[in-house]
Amino acid sequence: MAVLLLGEVTNGELNRDATAKAVSALKSLGDVTVLCAGASAQAAGEAAATIDGVAKVLVAEDALYGHRLAEPAAALLVGLADGFDHIAAPATTDAKNIMPRVAALLDAMVISDVSAVVDADTFERPVYAGNAIQTVKSKDAKKVLTIRTASFDAAGDGAAAPVEATAKADDPALSAWVADEVVESDRPELTSAGRVVSGGRGVGSKDDFALIEKLADKLGAAVGASRAAVDSGYAPNDYQVGQTGKVVAPELYVAIGISGAIQHLAGMKDSKVIVAINKDEEAPIFQIADYGLVGDLFATVPELTEKL
Amino acid sequence: MKVLVPVKRVIDYNVKARVKADGSGVDLANVKMSMNPFDEIAVEEAIRLKEKGVATEVVAVSIGVKQAQETLRTALAMGADRAILVVAADDVHTDIEPLAVAKLLKAVIDEEQPGLVIAGKQAIDNDMNATGQMLAALLGWGQATFASKIEIEGETAKVTREVDGGLQTIEVKLPAIVTADLRLNEPRYASLPNIMKAKKKPLDEKTAADLGVDVSPRLEIVSVKEPEGRKAGIKVETVDELVSKLKEAGVV
Ligand SMILES: Cc1cc2nc3c(=O)[nH]c(=O)nc-3n(C[C@H](O)[C@H](O)[C@H](O)COP(=O)(O)OP(=O)(O)OC[C@H]3O[C@@H](n4cnc5c(N)ncnc54)[C@H](O)[C@@H]3O)c2cc1C
């Protein structure tokens, strides 16, 4: 059995955390070959080669792959699919865009957001906003999967695996990149952070979202948000935690002014320790919080930031 | 330009899904069902394109059980012009897989020849996030997923996408598949007169067999279980108590 894993490469850099979590999910299935594709991808490939459990790295370096457009990336993966039984990627937005396209081109059903690997054909995945866990057994010859990174620990470092260049595939020429709008931040990345502080609608404004950020900075935490906070413009879209946003499982998750809708819980309920601060003692978030503080966030959050 | 919008009948987003005692799935009998929220956003976007004079006709398509007629009536009441139902299952508990749905949609699209398909990015029941991408693959079309903004400019659609790092804007050649994210728009409520009018709009019915598509699943559902529960912890009275509890727990 052999696994082809699409490494998560953004602007030439490997997202080691996401890629290494996928490696640890998949390595029981066979030799893992990591594909790093990008306008520049050699350095990412060399980084991927040192993830424990990686047998080989393929590097596809071409401007065509610079922005991870789905059509060329899927064509590349399909071209390399021969000889692999599993084609997988960490379940990032890039992979969620690309992998179902790969699966359909291979006439296979994609298995999204795998949270446990049972055997070569059988996988667990959450459905209904995480209110049920489904075990599915695939009848397809090739399995196409995305891996829910929050469910796996990252593989460690190993001896460097061989790195080889691979040819680019034909350009389907169906789409073109125009622009990125990325907010640079010195804070830890949401899905790999050990601590996350999230704010909800209760924070009330973009200016007051600084209260959340100050507490996060004191804790060295990443900042998250509920959908309501993002929709209201208090926080950017990439902060959204939940069923349809990012899924996190840090050591510590602090939910502030968040009611605890099922769609939000779907993205954070596997956190080790959950703290909730909410002025409504009936808020559903308290039903899953390890430590609940009933109170006004405008008083309690600055006090907490100061006392930590 | 004709715009086609696939819509799915799913458990209402306010209802907490309950796993059936026999572990075969989630109980959907006597549960409130609605249009998948992302599909509502897709329908809204298509109607807005028509209101702007960009789209000429909006066709809603649903694949599933007979009861999905209601979902299509909702789309018609919002403003879609006509609807097509492809009946592909009898039991409300049967979820047609995205690959089969994509094949059926492709068959419908081969007949309808739309210039744009707007779908929801994900169905909130199976949470697969796959149908739009699979459909694009089968048609050989470009795709712009997780859209928060769509502008039609001649032969291309300029789409802003919500991605892990922030936002990405791409251009995709038409015809294309766009999938809607939460912030694309806020869907309207259908007014009572429009609900009445929708009853008279055309709703065609076909079956999967009519379209010659095999919908048998590739993924066998071995079991469905409840996730590990999480118990409520304790309430602390003061910030000081919270700080000391967090220190005890070793997380700060
Ligand atoms: C298809 C779909 C997908 C969705 N996906 C997601 C998702 O991925 N992530 C997500 O988060 N949501 C998602 N949602 C939205 C979800 O259903 C909720 O609407 C949302 O999570 C609510 O956000 P909130 O808790 O911040 O706001 P609210 O529910 O309005 O809660 C605000 C809370 O703040 C408290 N509060 C107010 N003022 C103060 C104060 N001064 N001090 C302390 N507490 C205060 C209130 O008591 C209340 O509990 C989705 C919804 C749909 C339909």
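Residues numbered from 1 in each chain as written. Chains lettered and ligands numbered in written order. Predicted model: local features only at pLDDT ≥ 70, side-chain atom pairs only at ≥ 80, totals over all residues. Heavy atoms only, no water.

**Section: the overall build of chain A**
Alright, step 1. Summing up its helical and strand segments, chain A has 8 helices and 18 strands in all.
Alright, step 2. Computed over its C-alpha atoms, the radius of gyration of chain A comes to 20 Å, within 12% of the 19 Å expected for a compact globule of 308 residues.
Alright, step 3. Taken along the three principal axes of its C-alpha coordinates, chain A extends 60 × 40 × 40 Å.
Alright, step 4. A total of 308 residues make up chain A; the buried ones form 59% of that total.
Alright, step 5. Intrachain contacts of chain A at a sequence separation of at least 6 include 65% that bridge at least 24 residues.
Alright, step 6. Entry remark: accessible area of chain A is about 11,100 Å², with carbon and sulfur atoms responsible for 47%.
Alright, step 7. Taking the 26 positively charged and 43 negatively charged side chains of chain A as two groups, their mean positions are separated by 3 Å. (Helix = DSSP H or I, 4+ residues; strand = E, 2+ residues; numbered from the N terminus. Rg over C-alpha atoms; globule rule 2.2 N^0.38 Å. Buried < 20%, exposed > 50% of the residue type's maximum accessible area, 1.4 Å probe, protein only. Contact = heavy atoms within 4.5 Å. Areas by Shrake-Rupley, 256 points an atom, 1.4 Å probe, with all protein chains shown as cover. Lys, Arg positive; Asp, Glu negative; His and termini not counted. Charge placed at Lys NZ, Arg CZ, Asp CG, Glu CD.)

**Regarding the UniProt feature "domain: Electron transfer flavoprotein alpha/beta-subunit N-terminal" (unreviewed entry) in chain A**
Alright, step 1. Mapped onto this structure's residue numbering, the UniProt feature "domain: Electron transfer flavoprotein alpha/beta-subunit N-terminal" (unreviewed entry) falls at residues 3-181 of chain A.
Alright, step 2. Between the end C-alpha atoms of residues 3-181 of chain A there is a gap of 33 Å, over a span that is 24% helix and 36% strand. (UniProt positions renumbered as here; feature names shortened; annotations may be inferred.)

**Description of the domain arrangement of chain A**
Residues and elements named next belong to chain A.
Alright, step 1. Examined at the domain level, chain A breaks down into domain 1 (2-165) and domain 2 (190-307).
Alright, step 2. Inter-centroid distance (C-alpha atoms) of domain 1 to domain 2 is 30 Å.
Alright, step 3. Surface buried jointly by domain 1 and domain 2 totals about 700 Å² across both partners, of which 49% is contributed by carbon and sulfur atoms.
Alright, step 4. Remark: the boundary between domain 1 and domain 2 carries 1 residue pair in polar contact (both at pLDDT 80 or more). (Domains from an automatic or database assignment. Buried area = accessible area lost by both parts, 1.4 Å probe. Polar contact = N/O pair within 3.5 Å; in protein donor to acceptor, adjacent residues only side chain to side chain.)

**Some remarks on the UniProt feature "domain: Electron transfer flavoprotein alpha/beta-subunit N-terminal" (unreviewed entry) in chain B**
Alright, step 1. The UniProt record marks residues 23-215 of chain B with the feature "domain: Electron transfer flavoprotein alpha/beta-subunit N-terminal" (unreviewed entry), using the residue numbering of this structure.
Alright, step 2. Taken end to end, residues 23-215 of chain B is 30% helix and 31% strand, and its first and last C-alpha atoms sit 23 Å apart.

**Comments concerning the nonpolar core**
The nonpolar side chains of a soluble globular protein tend to be buried with one another.
Alright, step 1. Counting 95 residues, the largest nonpolar core has A:Leu26, A:Leu35, A:Cys36, A:Leu77, A:Ile98, A:Met99 and B:Met134 as its most contacted members.
Alright, step 2. When residues in this core are grouped by element, the largest group, 9 residues, is from helix H3 (residues 98-112) of chain B.
Alright, step 3. In contact with A:Ile98, other than residues within four places in its own chain, are A:Leu6, A:Arg68, A:Ala70, A:Ala73, A:Ala74 and A:Leu77. (Core = buried A, V, L, I, M, F, W, Y, C linked by side-chain atoms within 4.5 Å.)

**A few points about the environment of A:Ser112**
Alright, step 1. Along the chain, the position of A:Ser112 falls in strand E7 (residues 110-114).
Alright, step 2. The exposure class of A:Ser112 is buried, given its relative accessible area of 6%.
Alright, step 3. Taking the C-alpha atoms as reference points, A:Ser112 and A:Glu124, 12 residues apart in sequence, are found 9.7 Å from one another.
Alright, step 4. Non-local contacts of A:Ser112, meaning those with residues more than four positions away in its chain, are made with A:Arg125, A:Thr146 and B:Met128.
Alright, step 5. At 2.7 Å, the side chain of A:Ser112 forms a polar contact with the backbone oxygen of B:Met128.

**Let's talk about the sheet that holds strand E13 (residues 175-182) of chain A**
Sheets are built from strands that pair by backbone hydrogen bonding, the pairs being arranged parallel or antiparallel.
Alright, step 1. Spatially, E13(A)-E9(B)-E8(B)-E7(B)-E10(B)-E6(B)-E1(B)-E4(B)-E5(B)-E11(B) is the arrangement adopted by the 10 strands of the open sheet, whose pairing is mixed. Strands at the two margins of the open sheet, each flanked by one partner only, are E13 of chain A together with strand E11 (203-207) of chain B. Taken over all neighbouring pairs, the strand axes of this sheet differ in orientation by 30° on average, direction set aside.
Alright, step 2. By the bridge criterion, 2 bridges tie strand E1 (residues 2-7) of chain B to strand E6 (residues 116-120) of chain B in an arrangement that is parallel. Its bridge partner being in E6(B), B:Val3 is matched across the sheet by B:Leu116.
Alright, step 3. Lying over the sheet, helix H1 (residues 37-51) of chain B contacts E1, strand E4 (57-64), E6, strand E7 (142-153) and strand E10 (176-180) of chain B, oriented at roughly 150° with respect to E6(B). (Pairing = 2+ DSSP bridges. Axes fitted to C-alpha atoms, helices over the stretch in contact; angles between N-to-C directions.)

**Notes on the interface of chain B and chain A**
Reports of interface size often rely on the accessible area that becomes lost once the parts have come together.
Alright, step 1. With 78 residues of chain B in contact, the opposing surface of chain A contributes 85 residues.
Alright, step 2. Its largest share of buried area at the contact with chain A, chain B owes to B:Asp164, B:Arg218 and B:Arg230, together 11% of the area lost on that side.
Alright, step 3. At the boundary of chain B with chain A, the tally comes to 7 salt bridges.
Alright, step 4. The dominant element in the side of chain B that touches chain A, judged by the number of residues it contributes, is strand E9 (residues 166-173) of chain B, at 8 residues.
Alright, step 5. As paired elements, E13(A) and E9(B) share 7 bridges and run antiparallel to each other. Note on E9(B): the bridge partner recorded for A:Val182 is B:Gly166. (Salt bridge = Lys/Arg side-chain N within 4 Å of Asp/Glu carboxyl O.)

**Observations regarding the packing of helix H8 (residues 297-307) of chain A against helix H6 (residues 239-248) of chain B**
Alright, step 1. Look at H8(A) against H6(B): their axes get within 10 Å of each other, and the N-to-C directions meet at 45°. Here H6(B) runs oblique to H8(A), going by the angle between their axes. The two elements H8(A) and H6(B) meet at a crossing, and its hand is right-handed. Residue-level inspection shows A:Thr300, A:Glu303, A:Leu304 and A:Lys307 of H8(A) in contact with H6(B), the latter providing B:Val239, B:Asp240, B:Leu242 and B:Val243.
Alright, step 2. Its residues assigned to classes, the contact of H8(A) with H6(B) shows 4 nonpolar, 1 polar and 3 charged. (Parallel < 35°, antiparallel > 145°, perpendicular 65-115°, else oblique. Left-handed = near helix turned anticlockwise from the far one by under 90°. Nonpolar A, V, L, I, M, F, W, Y, C, P; charged D, E, K, R; others polar.)

**Brief notes about the sheet that holds strand E6 (residues 86-90) of chain A**
Residues and elements named next belong to chain A.
Alright, step 1. Pairing is parallel across the open sheet formed by 7 strands, whose spatial order is E7-E11-E6-E1-E4-E5-E12. Looking at which strands have only one partner, the edges of the open sheet turn out to be E7 and strand E12 (163-165). Geometrically, the sheet is characterised by an average inter-axis angle of 25° between neighbouring strands, direction not taken into account.
Alright, step 2. Taken together, the 7 bridges between strand E4 (residues 31-38) and strand E5 (residues 54-61) define a ladder with parallel strand orientation.

**Side note on the pairing of E4(A)**
Residues and elements named next belong to chain A.
Alright, step 1. Most of E4 sits inside the fold, with 7 of its 8 residues counted as buried.
Alright, step 2. Of the pairings in the sheet, the one linking strand E1 (residues 2-6) to E4 comprises 5 bridges and is parallel in character. What sits directly across from Leu 4, in E4, is Thr 33.
Alright, step 3. Since E4 and E5 lie parallel, the crossover through helix H2 (residues 42-49) that links them has a hand, and here it is right-handed. (Right-handed = clockwise from strand over helix to strand, strands pointing away.)

**A closer look at the packing of H3(B) against helix H4 (residues 131-139) of chain B**
All names here are of chain B.
Alright, step 1. At a minimum axis distance of 8 Å, the contact between H3 and H4 shows a crossing angle of 50°. Judged by the angle between their axes, H3 and H4 are oblique. Handedness of the H3/H4 crossing: right-handed. Note on element contacts: H4 touches H3 through Thr 131, Met 134, Leu 135, Leu 138 and Leu 139, opposite Pro 98, Leu 99, Val 101, Ala 102, Lys 103, Leu 105, Lys 106, Ile 109 and Asp 110.
Alright, step 2. Grouping the constituent residues of the contact of H3 with H4 by class yields 10 nonpolar, 1 polar and 3 charged.

**A closer look at a nonpolar patch on the surface**
Alright, step 1. A contiguous nonpolar patch, built from B:Leu192, B:Ile195 and B:Met196 and spanning about 290 Å² of accessible area, is present on the exposed surface.
Alright, step 2. Its location among the elements puts B:Met196 in helix H5 (residues 192-198). (Patch = residues over 30% accessible without salt bridge, like charges linked within 9 Å, V, L, I, M, F, W, Y side chains within 5 Å.)

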